[in-house]
Amino acid sequence: MKALVVLFDQENKYQEEKAFEGKSGRELCTAFFEKAQFLPAGIDTVGLDFVKKGDCKTGSQLLAKIHQLAKEKNADFVIYSYADLPFLNVELTKKIITSHVEYKCEYTFADGFPYGFAPEVIDCGALGILAELSKTSQAEEGEKAVCRETIWNLLKTDINSFEVEAELSDTDWRLLRLKFDCGNKDDFLQCKALYQAAKEAGLTREEGVSSSDVEEFSKIASENVLALKTVPGFYNIQIQGQRDTKPLYEPDFGCKAQMTYENFAVLCKKISEFSENAVLNLSFAGEALLHPDFLKIAEEVLKYQGLSLFIETSALSLTDQIIEGLKALYEKSPSSTNGYQKLMVAVQLDAVSAPLYAKMTGGSEADFSKALNGVQKLCGEFPGMVYPQFVRTNHNEEELEAFFRFWNEKANPSGGNCIIQKYNNFSGLLADSKPADLSPVERNVCWHLRRDLTILADGSVFACPNMAAAAAAGKEVQGGFLGNVFERSLEEIWKKSDQMILEYINKKYCEICRACDEYYTFNF
């Protein structure tokens, strides 16, 4: 049988960085496929082709191009991968190809492993079908920008029509969301950390990494601080210390100040330079819409390609002027490059009836109609970007199903978008009002320590919201206070919580962490 190797070239700076003993991720990936040591007996390659991002911007274009190349080379199937994977594994790849041929599959992939250890394999005939679907019944999916899940996302729209096989990992590593590619700063730093750890473990060779068991590499990464914690991807930022509601589920964070526009602009620039790609929540510990410079602050976020703006609001202070101004800013902003929507607005409803809404928010029953009207207006101007939100507690559990059934419908104003948020008792500061325990059997390394920073209006930075609330309550936060963002660099501040990650890996928890069950929740 004949196989064609097709590599998608994202044409980014990180894949060219010679960070692996003088070689780049692109060079290691290309060398892997050129040597073809992964091919089972009886399989020959008919070439290695690169498809550049500039030539194929949508999924439909990519599939059409790959199918064309496969037909020209008379290939039976295509081995497809991004061109920036430095840790491709010979044995895992060989298993995937063997399964694909032996079971006469149309699509075969590795499942449960961290991303970046193996390519995908797809039958030439299936490629043709997907290419056609991407232009017809699945044109909406086909018009999306090429991403690492493009083929799978299209295939799963009609998955029962295809013969699909998965090579399963012994351990399910997906919970850790490890990605070993050189597509952005976050993933590139994971690769650097894993390569250094593998080198110290004697698993590297002159030409790159060894063909050791991928489970071993995965375990090494799961216990490495720098692989688990690269750069922040989500920032909780308090720009306004005042609220127009008093939610039952929110503690006092102490700081009631406003962050000035000038200070925020400095902070936003720091975030863009350090994280490159991130989501900024401007509604931490206050109602962002109450800030007199809200639109100027929103504009500062939206002007950066790699940053997305997240607003969590009661919508009670929403005005037509704010909506019009935000829409104008959004329409002139550059497209997002971080994989998330450029703008997202969550409206705090927490109920489907006015009496319960008033109880949950500390407001009046009349405010419920105002909040719903705010949702309607926002949805009209920002379709697909508005998320009615429900924080699930013992107080409102009886209305959860009705909330979900209504807002999950495509026909409603939000188009089916909604958020059901877990209740947080802030490590015991608030009463236990959690209706169900959803925590995993085994405790994972805290996502908020790995991915988030919490910044108050005065510049104080905490490892997570629970630490900020505990400090406001006069509790010892044991390393949870990281410094002031207006006095130190973000890199210095971020590194200060490395020790907390190490303690988590070793299952040692401070008092606040031990009493917290937010560790498994993930923002962005």
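Further up the page is the structure itself.
All figures in this text were calculated on a predicted structure; none of them were measured in a lab. (Residues numbered from 1 in each chain as written. Predicted model: local features only at pLDDT ≥ 70, side-chain atom pairs only at ≥ 80, totals over all residues. Heavy atoms only, no water.)

Novice: Explanation requested: the overall build of the protein chain in the structure shown.
Specialist: When its secondary structure is counted, the protein chain shows 20 helices and 17 strands. A compact globule built from 524 residues would reach a C-alpha radius of gyration of about 24 Å, and the protein chain, at 25 Å, matches this within 12%. Classification of the 524 residues of the protein chain by burial places 56% in the buried group. The long-range fraction of contacts in the protein chain, counting pairs at least 24 apart against all pairs at least 6 apart in sequence, stands at 77%. Put simply, the protein chain shows about 22400 Å² of open surface, and 48% of that area lies on carbon and sulfur atoms. Mean positive and mean negative side-chain charge positions of the protein chain (56 and 77 charges, respectively) differ by 3 Å. (Helix = DSSP H or I, 4+ residues; strand = E, 2+ residues; numbered from the N terminus. Rg over C-alpha atoms; globule rule 2.2 N^0.38 Å. Buried < 20%, exposed > 50% of the residue type's maximum accessible area, 1.4 Å probe, protein only. Contact = heavy atoms within 4.5 Å. Areas by Shrake-Rupley, 256 points an atom, 1.4 Å probe, with all protein chains shown as cover. Lys, Arg positive; Asp, Glu negative; His and termini not counted. Charge placed at Lys NZ, Arg CZ, Asp CG, Glu CD.)

Novice: Even after reading the chapter, I still don't get the packing of aromatic side chains, so can you show me in this structure?
Specialist: Centre-to-centre distance and the angle between the planes together describe a pair of aromatic rings. Under the defined criterion, the tally for this structure stands at 30 aromatic pairs. For the pair Phe33 and Phe38, a centre-to-centre distance of 5.5 Å together with 80° between the ring planes defines the contact as edge-to-face. Residues Phe33 and Phe38 agree in their burial class; the two are buried. Taken together, a centroid distance of 4.8 Å and an interplanar angle of 65° make the contact between Tyr504 and Tyr509 edge-to-face. (Phe/Tyr/Trp six-rings, centres within 6.5 Å; stacked < 30°, edge-to-face > 60°.)

Novice: What is the right way to read the packing of helix H7 (residues 185–200) against helix H8 (residues 214–222) from this model?
Specialist: Packing of H7 against H8 brings their axes to within 10 Å, and their N-to-C directions diverge by 110°. With respect to H8, the element H7 is oriented roughly perpendicular. Crossing angle aside, the handedness with which H7 passes H8 is right-handed. Contacts between H7 and H8 involve Leu194, Ala197 and Ala198 from the former and Phe217, Ile220 and Ala221 from the latter. Tallied by class, residues from the contact of H7 with H8 come to six nonpolar, no polar and no charged. (Axes fitted to C-alpha atoms, helices over the stretch in contact; angles between N-to-C directions. Parallel < 35°, antiparallel > 145°, perpendicular 65-115°, else oblique. Left-handed = near helix turned anticlockwise from the far one by under 90°. Nonpolar A, V, L, I, M, F, W, Y, C, P; charged D, E, K, R; others polar.)

Novice: Honestly, the layout of surface pockets in this entry has me stumped. Any pointers?
Specialist: Think of a ball as big as a water molecule: rolled over the atoms, this probe shows where empty space is left. Roughly 890 Å³ of volume is contained in the second largest pocket. Taken together, 41 residues make up the lining of the second largest pocket; nearest its centre are Asn236, Glu312, Gln421, Glu518 and Asn523. At the level of secondary structure, the elements contributing two or more residues to the lining of the second largest pocket comprise strand E9 (234–237), strand E11 (307–313), strand E12 (343–348), strand E13 (386–392), strand E14 (419–422), helix H16 (447–451), helix H17 (465–472) and helix H20 (511–514). Top element by residues in the lining of the second largest pocket is E14. It accounts for four residues. Taken together, the residues that form the lining of the second largest pocket break down as 24 nonpolar, 12 polar and five charged. (1 Å grid on protein atoms, 1.4 Å probe; cavity = no way out; pocket = protein on both sides within 12 Å on 5 of 7 lines; lining within 4 Å. Points joined across faces, edges and corners; volume = space filled by probe spheres on them.)

Novice: Sorry if this is basic, but what is going on with the sheet that holds strand E2 (residues 44–52) here?
Specialist: Strand pairing in a sheet relies on backbone hydrogen bonds, with the paired strands running either antiparallel or parallel. Within the open sheet, the six strands sit side by side as E2-E1-E3-E5-E4-E6. Their pairing is mixed. In the strand order of this sheet, the two ends are held by E2 and strand E6 (164–168), each with one partner. Neighbour to neighbour, the strand axes of the sheet diverge by 25° on average, direction disregarded. Here strand E1 (residues 2–9) pairs with E2 via seven bridges, running parallel. Counted as the bridge partner of Phe8 is Val51 from E2. Its contacts with the sheet place helix H3 (residues 90–102) against strand E3 (77–82), strand E4 (107–111), strand E5 (120–123) and E6, and it is angled at close to 145° to E4. (Pairing = 2+ DSSP bridges.)

By themselves, these observations are geometric and do not establish any function.
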